[in-house]
Amino acid sequence: MQWTDTHVHVVDFLQRPADCAGLIRSLRDGGAERAVVFGLPVKKKWSTAEPLKPSYYLDDNAPCHYHSLTDVLVLDSLATFDEAPGFTVAPLICGFDPTDRLAVDHLEAVWARSDRWAGIGEVLLRHDDLTNLTRGETPVADHLAMDNVFGFCADKKVPISVHHDSSSAGRPSEQEYVEPFENAIRRHRTTRIVWCHAGVSRRVHPDGQIELVESLLSRHHNLTVELSWILLDSVVHGDGGVHPDWRTLICKFADRIVVGSDSVADPNTISDRATQIDQLLRALPGSVAQAVATDTAGELWFS
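Residues numbered from 1 in each chain as written. Predicted model: local features only at pLDDT ≥ 70, side-chain atom pairs only at ≥ 80, totals over all residues. Heavy atoms only, no water.

With that settled, the discussion passes to empty space enclosed by the protein. According to the stated counting rule, one finds two cavities of 30 Å³ or more in the structure shown. Together, Val42, Tyr66, Leu124, Leu125, His127, Leu130, Thr131, Thr134, Glu137 and Pro139 line the largest cavity. Taken together, the residues of the lining of the largest cavity sort by class into six nonpolar, three polar and one charged. Of the voids in this model, the second largest cavity is the one considered here, and its volume is about 30 Å³. (1 Å grid on protein atoms, 1.4 Å probe; cavity = no way out; pocket = protein on both sides within 12 Å on 5 of 7 lines; lining within 4 Å. Points joined across faces, edges and corners; volume = space filled by probe spheres on them. Nonpolar A, V, L, I, M, F, W, Y, C, P; charged D, E, K, R; others polar.)

So, about the environment of serine 218. Residue position: serine 218 is located in helix α7 (residues 209–219). Separated by 34 residues in the primary sequence, serine 218 and lysine 252 have C-alpha atoms spaced 9.7 Å apart. Apart from residues no more than four positions distant in its own chain, serine 218 is found in contact with Lys252 and Phe253. A polar contact of 2.8 Å, which involves the side chain of serine 218, links it to the backbone oxygen of glutamate 214. (Helix = DSSP H or I, 4+ residues; strand = E, 2+ residues; numbered from the N terminus. Contact = heavy atoms within 4.5 Å. Polar contact = N/O pair within 3.5 Å; in protein donor to acceptor, adjacent residues only side chain to side chain.)

Let us now look at the pattern of salt bridges. Considering all chains together, one arrives at 15 salt bridges under this definition. As a salt-bridge pair, arginine 203 and aspartate 129 come within 2.9 Å of each other at their nearest N and O atoms. In this pair, arginine 203 is assigned in the loop between β8 (193–196) and α7 and aspartate 129 in helix α4 (residues 128–133), connecting sequence segments 74 residues apart. The exposure class assigned to arginine 203 is partly exposed, which follows from its relative accessible area of 45%. (Salt bridge = Lys/Arg side-chain N within 4 Å of Asp/Glu carboxyl O. Buried < 20%, exposed > 50% of the residue type's maximum accessible area, 1.4 Å probe, protein only.)

So, on to the pairing of strand β7 (residues 160–163). Along β7, one buried face is formed by Ile160 and Val162 and the opposite face, lined by Ser161 and His163, is buried too. The sheet contact formed by strand β6 (residues 119–124) and β7 spans three bridges and is parallel. Note that in β7 the partner of leucine 124 across the bridge is histidine 163. As paired elements, β7 and β8 share three bridges and run parallel to each other. Bridge pairing in β8 links valine 162 to tryptophan 195. Read from β7 through helix α6 (residues 178–187) to β8, the crossover connection turns out right-handed. (Pairing = 2+ DSSP bridges. Right-handed = clockwise from strand over helix to strand, strands pointing away.)

Our next topic: unusual backbone geometry. In this structure, glutamate 122 follows glycine 121 across a cis peptide bond, with omega equal to -10°. Examined against the element boundaries, glutamate 122 turns out to sit in strand β6. For tryptophan 229, which is not a glycine, the phi torsion comes out positive at approximately 50°. Within the fold, tryptophan 229 resides in the loop between β9 (223–227) and α8 (231–235).

Ordered in space as β10-β9-β8-β7-β6-β5-β2-β1-β11, the nine strands form an open sheet in which the pairing is parallel. Here the strands that pair on one side only, and so sit at the sheet edges, are β10 (257–259) and β11 (263–264). In terms of strand pairing, β9 meets β10 through three bridges, oriented parallel. Pairing of glutamate 226 across the sheet is with valine 258, part of β10. Contacting β1 (3–9), β9, β10 and β11, helix α10 (residues 267–282) runs over the sheet at an angle of about 145° to β1. (Axes fitted to C-alpha atoms, helices over the stretch in contact; angles between N-to-C directions.)

In this description, a pair of aromatic rings is defined by centroid distance and the angle of the planes. For the coordinates displayed, the defined rule picks out five aromatic pairs. Relative to tyrosine 57, the ring of tyrosine 56 lies with its centre 4.7 Å away and its plane at 45°, an arrangement referred to as tilted. By the ring-pair criterion, three or more aromatic residues cluster together here, those being Phe13, Tyr56 and Tyr57. Taking the ring centre of phenylalanine 302 as reference, the NZ or CZ of arginine 34 above it sits at 4.5 Å. We note arginine 126 situated over the ring of tyrosine 177; from NZ or CZ to the ring centre the distance is 3.7 Å. (Phe/Tyr/Trp six-rings, centres within 6.5 Å; stacked < 30°, edge-to-face > 60°. Lys NZ or Arg CZ within 6 Å of the ring centre and 35° of its normal.)

Structure below.
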């Protein structure tokens, strides 16, 4: 079944551009006909205290910093995507500091550079170790600076994809970061907000996550949940089966569920996650699978 990959980074954490032709091959081989593409808002520093050059933000103790050039690299990548017949991408803007109340000025300037932009994201807010390694204030969804960003999206009538952990690694049962996330959703009812990985991260697997996601989707009709990255490991079992409670939730909210690989400029990630996504879609009723695979993403980014 064809599907839309709603989470593809076209640079890595050193801001090195991906082999976009390789990404396209993996996407097509995995059944994807469209992709939502973006850069990364931060860049990893190679510190003089570190003997080995990093390739990922967790490779050493050096910090990351915000890097606005990433949006230019996304625009540069479009030429390769446009050469692929029958393949469509929706590029997003992400190269700004979400704690800077002038970030909206950057959005306006970058938006004016191209008529191709389809939204904002992935905005990295609460993100376990990456938050600890990023210089500056801790970004949260209900920060004053983010009010302007959400407002920008409402004005442009485009969605915003955000990574916002629902808890910390040390307090998986307390859902301690949900309140600021829900504050933002509540304050910006006319902004379509896509929750990347549904609050789950590498070291954050909060207890009661299915119940939390169902509760938030029930209360907030401007919220869409993206099943991607390591969250797929919880949704799809190793033998290809689908968790029955996730299946029930997806069937209930099919018009507000999307799927993505979360490839960080790596075609192999797309291949691995595409297998899980295919297994998920095959386990869903036809109309539900159609909505999750393409229709919801099409309405958000490709209409």
